[in-house]
Amino acid sequence: MAQITYRQALQQALREEMTRDARVFLMGEEIGEVTLTPSKVTEGLFQQFGPKRVRDTPISEEGFIGVGVGAATLGLRPVIEIMTINFILVAMDQVINHAAKIRCMFGGELSVPMVIRLPVAQGSQLTAQHSQSFEGWFANTPGLKVLAPTTPHDAKGLLKSAIRDDDPVIFLEGLQSYSERGEVPETDFTVPIGLAAVPREGSDLTIVAHGFAVRRALRVAERLEGEGISAEVVDLRSLRPLDMETVATSVRKTHRALCVEQGWPTYGVTAELASRIQRACFTDLDAPVERCGGAEVPMPYARTLESAALANDDKIYRAARQVLTESGMLGRGVGRDGGAPSGNGVVRSGTPARAVAG
Amino acid sequence: MSTVSPTERRLETNLSDDELLRLHRLMLLIRRFEERAEEQYTRDRIGGYLHLNIGEEATVVGTSTAIQPDDYVFCSYRDHGVALAMGASTQQVMAELFGKETGVAHGRGGSMHLLDVKRHFLGGWGIVGGQIPIAVGAALALDNLEKPGAVLCLFGDGAVATGAFHEALNLAGLWHLPCVFVITNNGYGMGTSVERSSAEPELYKRAAAYKMPGERVDGQDVLAVREATQRLLRLARDERQPSVLECLTYRYRGHSPIDPGKGYRTPEEIEEWRGRDPITLFAQRLQERGVLPDNGGQGIVEEVDREVQEAIDFALQSPDPDPSALYHHIYGEAAVEQFARMAPGAPFGERSISPGVVTQDTAAPDTPDEATLN
C-alpha cells in the first residue's frame with residue numbers, strides 16, 4: 001500500500017471519479033488554470049480535463065454554488081471547492097435554502113448530487129474571520145450530509161462516496177492535514193457514509209472527535225497512556241449521519257466520555273454528542289459526559305491569545321483528567337491541580353502556538 | 001412605475017388562428033385559475049402564501065410558450081401561471097395548492113414550489129433571486145453536456161436588487177451560457193416600487209454590465225413578449241449569447257392575499273392598468289381579425305371555467321399525504337442505510353419516543369397574526 005499525503009489522496013479521488021464519470025466536474029476559485037487555493041488539491045486536473053471539467057470562477061460563492069445546484073438538478077455531479085469554510089457564509093442561502101430543500105419541496109422530483117469541499121483551519125494566526133468551524137450549522141440541517149475525514153485513507157474513500165452520493169454533501173477537509181501521510185490503497189475503494197472509525201482502542205475513557213481534533217485526541221491518548229490510562233479514540237468521519245452505534249459501543253465499554261471539537265461547543269457538535277451519549281449510555285456512565293472545544297470568543301490574532309482560545313492538546317488533556325477524576329478513577333483534585341481555568345476565565349495553555357498550527 | 005409605451009401594435013403575426021386562440025385560452029385559464037384559487041384561499045382550502053398572476057397573463061404566457069422542447073424554465077414563487085402555461089395539469093397544480101398527494105410536488109411544496117420536470121418546468125422558487133444562479137447552472141449543464149436547449153429564467157423586479165442576480169448574470173455573461181433572464185416588472189417588490197429599490201429604474205439597462213443585450217417590452221402584449229422571448233432564446237441557443245428581457249406589466253392584486261395592494265399605489269394607477277388589461281387587449285385584436293369564434297369567444301370562457309372547476313373538484317377529492325410519509329423525499333435511497341447507525345429504527349437520526357407512531361398536532365391551530373402572512 002502506498003504512503004501518500006491527504007492532499008494526494010483527495011486528488012486521486014477527484015481524478016478517479018472524473019475519469020469514471022463524465023458528469024463529474026469541478027468548480028471554484030483558482031482551482032484550475034492557476035492553483036492558488038490553500039488546498040492545492042486540484043493541481044494538474046485543469047491540464048488533464050480542460051476548462052469545462054475544471055471550471056475557474058470569479059469570487060462569487062453565492063453565484064457558483066447556485067450554479068452547482070442548478071447543474072446538479074440537470075444530472076451533472078459538481079464538486080465545488082470553497083477556498084476555506086469561512087467564505088461559504090455568503091452562499092448559505094444556496095446551501096441551506098436551496099440545495100438542502102430541493103428534494104423535499106419538489107416532492108422528490110428533483111435532487112442535488114453535489115459535493116462542497118470546505119477546508120477548515122485554526123491556529124495559524126488567521127484571526128476571527130478565517131478560523132471558524134461551524135460544521136454544526138450544516139449538520140443541523142436535514143437534507144444535507146456532512147463528512148469530515150481525518151486520514152488520507154478516509155479522505156479518498158469518503159470523497160469518492162460523496163461524489164457518488166445522490167444528495168448534497170458538505171465535505172470538511174483539515175487545512176492542517178493536507179501534508180499528513182498515510183497508507184492509501186491504490187485500488188478503487190470507498191469509505192461508507194455514516195460509519196465512524198476507532199483509530200485507537202482503550203478501556204478507561206472514550207474521546208470522540210472529528211477532523212483535526214482527532215489528531216489532538218490521539219496525542220492526548222498517548223500522553224494519558226504514559227500515566228497508565230487507557231483512552232479509546234472515536235473518529236466520527238461523518239457528522240450527519242452520525243454513527244452513534246460506534247460511539248455508544250465504546251462508551252459502554254469505557255464508562256467515560258469526552259467529546260472534543262475545534263469549534264465553539266455551545267450548541268455545537270459536542271452538545272449533540274453529549275445529549276445522545278447520556279440517552280444511549282445513561283446507566284453505563286461513571287461520570288457526566290464532558291465536552292471540550294474552542295473558547296467562546298472570535299479567534300484573536302496574537303499568538304498567546306490564539307493559543308489560549310484553541311481546543312488545544314492541554315485543554316483536552318485536562319478535560320480527560322476531569323472525567324477520570326469525576327468518575328473516581330483518579331484522586332479528587334488531581335484534575336484541578338492539573339490545571340483548571342485561572343481566575344479570569346482565560347485558559348493558560350502550555351502548548352506553543354506554532355505547534356498548534358501544525 | 002415607468003409608463004407603458006402607448007403604441008399599440010397591429011396584429012401582425014405568422015401564428016395560425018389555432019395558435020392565437022391557444023394563447024388567448026391560456027391567459028383566460030390563468031386568470032380564472034387565479035380568481036378561483038383566491039376564493040379557495042378565503043375558504044381556507046389553501047394555506048400558507050398565495051401569489052397571484054392576475055394582470056400579468058400576457059408576460060407569463062408570452063414567455064412560457066416561446067420555448068422549444070429542449071429548453072428549460074425557472075421562475076419565482078409567483079408561479080401558478082407559468083406552470084399552467086408550461087402545460088402542467090390544471091388538476092395537479094390545484095391539488096398542490098390544496099396540499100394533496102396528487103399535487104405536482106405531492107403536497108410538499110404548495111403554491112410556491114410548482115414544477116413539471118417532464119415538461120422542463122423546473123420550479124417555482126421561494127427566495128427572491130435564489131433561482132437565478134440555479135438557472136445559470138442548468139444552462140451550464142446544457143453547455144457541458146452539449147445539449148441543444150437554452151434556459152429561460154423568470155423573476156420579478158425585486159430580484160434585480162439581490163446579489164444573486166448580479167453574480168448569476170456575471171457568470172452567465174462570462175461563460176457565454178445559453179440563458180435568457182426575464183424581469184417581470186410589475187412595478188413593485190411587495191410594497192416597494194422600482195423607483196424606491198433600483199438606482200437605475202430602467203432595469204433592462206443592467207444587462208450592459210454583463211455584456212448582454214437588454215430589451216424592454218410591453219408586458220401586456222402577449223405577442224410582443226413572445227416574439228422577443230423567442231428571438232432572445234434563439235440568440236442564446238445559436239450564439240451562446242445570454243440576454244435580459246424586461247416585461248412591463250402589473251399585478252392587480254396585492255403581493256399576496258393579505259396585502260390589499262392599496263397602501264403603496266393609487267386607485268387611479270390600478271385603473272389605468274386595468275384599462276390595458278392583457279386579456280381584453282388581445283381579445284379585441286382577435287375579434288378585429290375575426291379569429292374569436294361565437295359570441296366573442298364565450299365558449300372558451302366556459303370551457304376554461306369548467307376546467308378550473310374540475311381542478312377544484314379533483315383537489316377536493318384527492319387524498320392528503322399520509323403522515324407516515326413524512327420522511328419520504330428527504331434524501332435518496334442510500335440514506336436509509338447511512339443513517340441506520342445514528343438512531344436505530346428511527347428516520348434520519350431522530351430520536352423516536354414512540355417508534356412507529358407518527359403524531360399529529362391536535363391542538364387548535366395557532367394562526368399567525370394576519371399581518372405576518374405576506
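What this report covers is the structure whose coordinates are included nearby. Here the structure is a predicted model, which is why all the values come from computation and not from measurement.

### Quick notes on helix α2 (residues 57–64) of chain B
Within α2(B), eight of the eight residues are buried, which leaves the element mostly enclosed by the surrounding structure. Regarding α2(B), the residues found buried are E57(B), A58(B), T59(B), V60(B), V61(B), G62(B), T63(B) and S64(B).

### Section: the interface of chain B and chain A
Interfaces are frequently sized by the accessible area removed from exposure as the parts join. Contacts between the two partners involve 51 residues from chain B, matched on the other side by 52 residues from chain A. Summed over both partners, the interface of chain B with chain A buries about 4200 Å², with 62% contributed by carbon and sulfur atoms. Counting the surface chain B buries against chain A, the share from its top three residues, Y331(B), Q338(B) and R341(B), is 18%. If you look at where chain B meets chain A, you find four salt bridges. Across the pair D143(B) and R55(A) runs a salt bridge whose closest N-O atoms are separated by 3.9 Å. Counting across the chain B and chain A interface gives 24 residue pairs in polar contact (both at pLDDT 80 or more). For the side of chain B that touches chain A, the secondary structure elements donating two or more residues are β2 (121–124), α5 (131–144), α6 (163–175) and α11 (335–338) of chain B.

### A word on the packing of aromatic side chains
Aromatic ring pairs are defined here through the distance separating the ring centres and the angle between the ring planes. Throughout the structure, instances matching the rule amount to 13 aromatic pairs over all chains. Geometrically, the ring pair formed by F134(A) and F138(A) is tilted, given 6.4 Å between the ring centres and 50° between the ring planes. Its relative accessible area of 0% is what places F138(A) among the buried residues. A centroid spacing of 5.1 Å and a plane angle of 40° characterise the contact between Y331(B) and F339(B), whose relative ring orientation is tilted. A relative accessible area of 2% means that F339(B) is categorised as buried. An aromatic cluster is built from Y327(B), Y331(B), F339(B) and F348(B), whose rings are joined through pairwise contacts. When the ring centre of Y317(A) is taken as reference, the NZ or CZ atom of R223(A) above it lies at 3.5 Å.

### Concerning the packing of helix α1 (residues 17–42) of chain B against helix α9 (residues 278–289) of chain B
Residue and element names in this part refer to chain B. Contact geometry of α1 with α9 gives a least axis separation of 10 Å together with a crossing angle of 155°. Considering the angle they form, α1 stands roughly antiparallel to α9. The chirality of how α1 crosses α9 is left-handed. From α1, D17, L20, L21, L23, H24, M27, L28 and R31 reach across to α9, where they touch P278, I279, F282, A283, L286 and R289. Grouping the constituent residues of the contact of α1 with α9 by class yields ten nonpolar, one polar and three charged.

Scoring rules and cut-offs
- Residues numbered from 1 in each chain as written.
- Chains lettered and ligands numbered in written order.
- Predicted model: local features only at pLDDT ≥ 70, side-chain atom pairs only at ≥ 80, totals over all residues.
- Heavy atoms only, no water.
- Buried < 20%, exposed > 50% of the residue type's maximum accessible area, 1.4 Å probe, protein only.
- Helix = DSSP H or I, 4+ residues; strand = E, 2+ residues; numbered from the N terminus.
- Contact = heavy atoms within 4.5 Å.
- Buried area = accessible area lost by both parts, 1.4 Å probe.
- Salt bridge = Lys/Arg side-chain N within 4 Å of Asp/Glu carboxyl O.
- Polar contact = N/O pair within 3.5 Å; in protein donor to acceptor, adjacent residues only side chain to side chain.
- Phe/Tyr/Trp six-rings, centres within 6.5 Å; stacked < 30°, edge-to-face > 60°.
- Lys NZ or Arg CZ within 6 Å of the ring centre and 35° of its normal.
- Axes fitted to C-alpha atoms, helices over the stretch in contact; angles between N-to-C directions.
- Parallel < 35°, antiparallel > 145°, perpendicular 65-115°, else oblique.
- Left-handed = near helix turned anticlockwise from the far one by under 90°.
- Nonpolar A, V, L, I, M, F, W, Y, C, P; charged D, E, K, R; others polar.

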